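Residue strings, one per chain:
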Amino acid sequence: MPAAASSSSAAVDDPHLVRNTCILAHVDHGKTSLADHLVASGGGGLLHPKLAGSARFMDHLPEEQRRAITMKSSSVALRYAHPSTGGPHHYRVHLIDSPGHADFCSEVSAAARLSDSALVVVDAAKGVRVQTHAALRQAFVERLRPCLVLNKLDRLITDLLLSPDDAYARLRRILAEVNSFCSALRSGSYFSSLLHDDDGRRDGDDEDEDAFHPHKGNVVFACARDGWGFRIDRFADLYAKKTGASKANLLRGFWGPYYVDKEKKAVLPLRKESTGSAGAEQQPAFVQNVLKPLWKVYQRGLTPNSGEWMQRNVVSVFDLKVSPRELHSKDPKVSLHAVLRAWLPLADSVMEMLVECTPDPVAAQAFRVPRLMPERRVVADSDSGCASIVAEAERVRSCVAACSTSTTAPVVVFVSKMFVVPYTMLPSKGLNGELLNHNHQAQHSEQEPEESFLAFARVFSGVLRAGQKVFVLSPLYDPVKGDAAASGNKHAQEVELQCLYQMLGQDLMPIDSVAAGNVVAIQGLGQHVLKSATLSSTKNCWPFSSMTFQVSPMLKVAVEPSKPTDLGALVKGLKLLNQADPLVVYTVSQRGEHVLAAAGQVHLERCIKDLQDRFAKVQLEVSKPLVSFRETIQGEDVGMMGSMKVEQRFAERSTPNGRFTVRVQVSRLPSALTKVLAESEELLGQIIEGGCSQFPHDGDDSTATLRHRLIGAVDSELEEISEQVEKEKLDRYSKTLLGYLQRIMALGPSHVGPNFLLLPDLKSSFGVTTRQNGRKGILVSSRCHISERLGFVTASDAESKIITESSERKTSTDSLDYEALRNSVVSGFQFATNAGPICDEPMRGLAFIVEPYIFADSSDVITYSDDSIFTGQVINAVKEACREAVLLSKPRLVEPMYFCELTTPTEQLGAAFAVLGDCQAKVLKEEMQEGTSLFTVHSHLPVYESSEFPEKLRKLTAGAASAILAFSHWEVIPQDPFFTPKTQEEIEEFGDGASIGPNLAKKLMNSVRRRKGLHVEEKIVQHGTKQRTLAKKV
């Protein structure tokens, strides 16, 4: 096995000589080709340079090679000797290649979490695409230092046939677009609730400066397929030696509106932007001194018998080492590529950029720790021992921030994902030549007979050793709650590690220890880590924050074995797949179906193939996609305000014993407010669950940030409709929405969803008491817990708003447990929002105003003997009242939508539009790519139509068109799923409704109901003929 490192132990490495970087890009922009050349240069023999660019070394899975796309993140340890080092020290670079397809965004998140920097690759011919934005956003979320690689420059010369001036304009436009997006990220437009610390910027960022600029050295111009690339400092150094000008001045003038005055040997600003005949002497320096020579080499090098010219004008001038066989090859491309690789080696330029422009682990972890391990505010009793626990946890956090490699420092490791390796692929011998007992383990393991789970991890503090015992901490672990929280569940487990491996692409090299700042594969955690976890040598350690994924698993299918006897093997295989893929979600439905959720069609196909070939090894029957929907009610903002004058009807339900009655009114929340709630579910969970023992704090107050975002969402909604509504109505609507934010008792479903459970406004409700059948009912008071946590009301204000229980309540209802009653109301709300009345799908964007009343017991009312029975009755009454309130308010289905970026040749544009129309897509825009015959079409595509979309597109366009799908948003279907003609106009148009077919909403509702086994109103006989009785006449 080739070794990428001369030292067998990583523990002695200086973290200042380590770089951890991942490659992020849109699909087919050249990530893996770039990785090939870096591996060939610094891999110590892992890949021959002749194969670099075409071997796809990091794509070692057969499915990756077949599809020619990366599906799994993989790491390789490289060595690089920087020219300025001057000594025997080498830099260790952990390079992680990640997928570019939107379906595998979880692999990108896993790679980004273990990295300190990112190589963002952009195709110079295609420009910035949707996944380029996703890559930059992921780098910003994880606080990585990005560097830019403008790839495929050769296509500007050979395919697009651009002149140097046009190519320069194209490159400037791409660079400006990338910088503009980065500026929007820094300004707080994206994920502002996640990434605020001190001044809201990452260390070293200046909002007034561009993130990428060639004179900074963080931009490489490259052709990864042919293995050449450069930074402008190479040409600046060349011309400085040739002309005697200052290299620093040349470096700043080689990009932008500057030109080189040969007589003055100075860089001067351009007086004209045009480069016509009058301004030929004032061409930009990058065009005159970089692109023109490169264009000339390409144009002469692609002509027959160009070897002599290359030898005389390039090889001899720059003293290059090119073999005569390649230089005088009959194929001019072979000669050209060999000369360019020797003249402008890609690997050297990229490695220099990584060493000079990206931080080492010591510097990176100092400004990444607020994101990785958010600071907690702890308020607890000093006598409980909490102070010592918090002090040790803060010491551990400080060691992570300092990237301490001391042997006495606590060991902290983060596992970003689990990946599967066959036992036959594990090294058979250890460091000292001893035989490793993998085969024995495989024979005696019932759960993992052929596959071994390894942890894809990074050490953030201390020195991790093979055989060491560590604690596996789940994201829900809280050290302040003590051993009681860890002993009764799986939030903290003590595990002995088996082996440590240095990852070399597909190969693994055993090591005995690894120091902080290095990436490592760990064996022995297969039974203890499901997807990700924090490892620590002490239990007094805060777990790392959860990773964020750009998309969620929206595409669901039900799987079952072709042979019923293989059901056990399928269940085991599904559990292994659920552990091996960070984004897969495996559940069992109420009907007993085994449901597999994936991010998209390509992701689903790979999961099914892995199930059949690796994990379950049985033939499967896969259902049609089970698309998730949401339920809401009709209501536009303007219409909602118009209906505020009229009091809406309440849905009312009572318990069978008559002691409890609940009235529920529902209204629809603004779309912007619903979106903020949906995006902030993780942060809401931390705020709600944190309480007084654990309070998230990321520099600036995250709670205040979220509060401002919610208020900003209300303001933006009001501003959007301000021109259509009178000021009086607008003020009333604003007061209502802000009042909602001050009366939030709970969120749902799952206590963090985008639905409100609101306390009644006593001014507009029926009051504190009500009467029913001659009996007096008292309103059950409660506190607005969520509004308190979010800071919309203070605890003292909440206390003052709670109604003091009257003497009647104390005397007549003192046997009731009011806290249990309030919990039952919240539970009923959770059940209702988790399964709506249309087709048992979760609700979205609704505010439920609930008024629960308790009535005094009397002799003529049936009494109850068990509190649990009454609790169940209350939960059911609240649930049914909420569902009935939705049915009374014109319910609507909400469908998920994909953003579709479709690329097609001009001749297939009509066929592509036909496919989009057939799949009910909404076209946003179409534009022609400059210098090509390709069109790019942006559209929104319903998720339920996406399963057949790729096949239809492939057939109708003969494979010429391609599309990228990424989840975009939720969209309300305007049709009423329960539509029946009622008004005179509707009856005149549709008759009694018997002859009209179901609308789109009803079709989707019936399909979901039929799948879930719910009642479906449909005709049994669809196309029957009337029976005739033939009479026999005599």
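On a predicted model such as this, the values are computed, not experimentally measured, just so you know. (Residues numbered from 1 in each chain as written. Predicted model: local features only at pLDDT ≥ 70, side-chain atom pairs only at ≥ 80, totals over all residues. Heavy atoms only, no water.)

Colleague: Tell me what's going on with the sheet that holds strand 23 (residues 594-598), and back it up with residues and numbers.
Modeller: Sheet architecture is open: four strands sit in the order 22-23-21-24, paired in antiparallel fashion. The open sheet has two free edges, formed respectively by strand 22 (585-588) and strand 24 (620-622), since each of these has just one partner strand. Strand-to-strand twist across the sheet, computed as the mean angle between neighbouring axes with direction ignored, equals 30°. In this fold helix 19 (residues 601-615) packs onto strand 21 (555-561), strand 23 and strand 24, with an angle of close to 135° to the strand it touches most, strand 23. (Pairing = 2+ DSSP bridges. Helix = DSSP H or I, 4+ residues; strand = E, 2+ residues; numbered from the N terminus. Axes fitted to C-alpha atoms, helices over the stretch in contact; angles between N-to-C directions. Contact = heavy atoms within 4.5 Å.)

Colleague: How would you explain the pattern of salt bridges if you had to name every residue and give the values?
Modeller: Scanning all chains against the criterion turns up 40 salt bridges. With a shortest N-O distance of 3.6 Å, arginine 368 and glutamate 142 are connected by a salt bridge. With arginine 368 in helix 14 (residues 361-372) and glutamate 142 in the loop between helix 4 (130-141) and strand 5 (145-151), this residue pair connects regions lying 226 residues apart in the sequence. Each of the two residues, arginine 368 as well as glutamate 142, counts as buried. Lysine 241 serves as the salt-bridge partner of aspartate 237, at 3.4 Å between the closest nitrogen and oxygen. Of this pair, aspartate 237 and lysine 241 are both found in helix 7 (residues 232-243), four residues apart, which corresponds to roughly one turn of the helix. When salt bridges with common partners are traced through the structure, they connect Arg113, Asp116, Glu142, Arg368, Arg371 and Arg458 into a single cluster. (Salt bridge = Lys/Arg side-chain N within 4 Å of Asp/Glu carboxyl O. Buried < 20%, exposed > 50% of the residue type's maximum accessible area, 1.4 Å probe, protein only.)

Colleague: Just give me the short version of the side chain of serine 416, but keep the residues and values in it.
Modeller: With respect to the helices and strands, serine 416 occurs in strand 11 (residues 412-422). Overall, serine 416 belongs to the buried group, its relative accessible area being 1%. Side-chain polar atoms of serine 416 contact the backbone oxygen of alanine 110, separated by 3.2 Å. Discounting residues that sit within four places of it in the chain, serine 416 has contacts with Ala110, Leu114, Phe456, Lys531, Ser532 and Met547. (Polar contact = N/O pair within 3.5 Å; in protein donor to acceptor, adjacent residues only side chain to side chain.)

Colleague: Any details on helix 21 (residues 671-679)? Residues and values, ideally.
Modeller: The complete set of buried residues in helix 21 reads Leu673, Thr674, Val676 and Leu677. Buried residues of helix 21 fall within an arc of 160° about the axis and therefore sit on the same side. (Arc of directions from axis to C-beta.)

Colleague: Let's hear about the packing of helix 9 (residues 285-301) against helix 10 (residues 307-318): which residues, and what values?
Modeller: Packing of helix 9 against helix 10 brings their axes to within 10 Å, and their N-to-C directions diverge by 160°. Here helix 9 is positioned roughly antiparallel relative to helix 10, judged by the angle of their axes. Crossing hand, helix 9 versus helix 10: left-handed. When helix 9 is examined against helix 10, the residues Lys296, Val297, Arg300 and Gly301 are found in contact with a partner set consisting of Trp309, Met310 and Val314. (Parallel < 35°, antiparallel > 145°, perpendicular 65-115°, else oblique. Left-handed = near helix turned anticlockwise from the far one by under 90°.)

Colleague: Go over the nonpolar core with me, naming the residues and quoting the values.
Modeller: By size, the foremost hydrophobic cluster in this structure holds 81 residues, and its most contacted members are Leu34, Leu38, Leu119, Leu464, Ile522, Leu525 and Leu596. At eight residues, the largest contribution of residues to this core is made by helix 13 (residues 346-357). Aside from chain neighbours lying at most four places away, what touches leucine 596 is Leu555, Lys556, Val557, Leu574, Leu577, Val584, Val585, Leu604, Cys607, Ile608 and Leu611. Core analysis: the second largest hydrophobic core is formed by 62 residues, Val128, Phe181, Cys223 and Trp309 among them. (Core = buried A, V, L, I, M, F, W, Y, C linked by side-chain atoms within 4.5 Å.)

Colleague: If you had to explain the packing of helix 7 against helix 9 to someone new, which residues and values would you point to?
Modeller: Remark: helix 7 packs on helix 9, axes separated minimally by 11 Å, with the N-to-C direction vectors making an angle of 105°. When the axes of helix 7 and helix 9 are compared, the pair comes out roughly perpendicular. Residue-level contacts link Ile232, Phe235 and Tyr239 of helix 7 to Phe286, Asn289, Val290 and Pro293 of helix 9. Taken together, the residues of the contact of helix 7 with helix 9 break down into six nonpolar, one polar and no charged. (Nonpolar A, V, L, I, M, F, W, Y, C, P; charged D, E, K, R; others polar.)

Colleague: Mind laying out the pairing of strand 12 (residues 451-461), listing which residues take part and the relevant values?
Modeller: The buried fraction of strand 12 is high, at 11 of 11 residues. Alignment of strand 11 against strand 12, held across 10 bridges, turns out to be antiparallel. Across the sheet, the residue bridging to phenylalanine 414 is arginine 458, located in strand 12. As paired elements, strand 12 and strand 19 (residues 519-523) share five bridges and run antiparallel to each other.

Colleague: Account for the side chain of arginine 56, with residues named and values stated.
Modeller: Following the sequence through the fold, arginine 56 ends up in the loop between helix 1 (31-42) and helix 2 (62-67). Polar contacts involving the side chain of arginine 56 include one to the side chain of aspartate 59, which spans 2.4 Å. When residues no more than four places from it in sequence are discounted, the contact partners of arginine 56 are Thr32, Asp36, Gln65, Ala68, Ile69 and Thr70.

Colleague: How would you explain the packing of aromatic side chains if you had to name every residue and give the values?
Modeller: If you walk through the whole model with that rule in mind, you get 17 aromatic pairs. Judged by centre distance (5.3 Å) and plane angle (75°), the rings of tyrosine 168 and tryptophan 255 are edge-to-face. On the criterion of sequence distance, the pair formed by tyrosine 168 in helix 6 (residues 164-186) and tryptophan 255 in the loop between helix 8 (247-253) and strand 8 (258-261) is long-range, its members being 87 residues apart. Their ring planes at 25° and their centres at 5.5 Å tell us that phenylalanine 221 and phenylalanine 230 sit as a pair that is stacked. The pair phenylalanine 221 / phenylalanine 230 is uniform in exposure class, with both members buried. A network of ring pairs unites the aromatic residues Tyr168, Phe221, Phe230, Phe235, Trp255, Phe286, Phe318 and Trp343 as a single cluster. Taking the ring centre of phenylalanine 456 as reference, the NZ or CZ of lysine 417 above it sits at 5.2 Å. (Phe/Tyr/Trp six-rings, centres within 6.5 Å; stacked < 30°, edge-to-face > 60°. Lys NZ or Arg CZ within 6 Å of the ring centre and 35° of its normal.)

Colleague: Break down unusual backbone geometry for me, with residues and values.
Modeller: For the bond from glycine 748 to proline 749, the omega torsion is -5°, close enough to zero to count as cis. By secondary structure assignment, the location of proline 749 is in the loop between strand 29 (744-748) and strand 30 (755-758). Positive phi outside glycine occurs at aspartate 28, with the angle close to 65°. Within the secondary structure layout, aspartate 28 lies in the loop between strand 1 (18-25) and helix 1. Positioned with a positive phi, lysine 890 is a non-glycine residue whose angle comes to about 60°. Following the sequence through the fold, lysine 890 ends up in the loop between helix 29 (867-887) and strand 34 (891-905).

Colleague: Any chance you could break down the environment of leucine 956 for me, citing the residues and the numbers?
Modeller: Within the secondary structure, leucine 956 is located in helix 31 (residues 949-956). In sequence terms leucine 956 and glycine 910 are 46 residues apart; their C-alpha atoms lie 9.7 Å from each other. In this structure leucine 956 touches Gln908, Ala911 and Val915, once residues within four positions along its chain are discounted.

Colleague: An account of the environment of aspartate 761 is requested, with residue identities and associated values reported.
Modeller: Within the secondary structure, aspartate 761 sits in the loop between strand 30 and strand 31 (769-772). Distance in space between the C-alpha atoms of aspartate 761 and glycine 739 is 8.6 Å, their sequence separation being 22 residues.

Colleague: Summarise the environment of alanine 125; cite the residues concerned and give the values.
Modeller: Within the secondary structure, alanine 125 is located in the loop between strand 4 (117-123) and helix 4. Take alanine 125: its relative accessible area is 2%, and that puts it in the buried class. Along the chain, alanine 125 and alanine 167 lie 42 residues apart, while their C-alpha atoms are 9.5 Å from each other. In contact with alanine 125, not counting residues within four places along its chain, are Arg155, Leu156, Leu160, Arg170 and Gln929.

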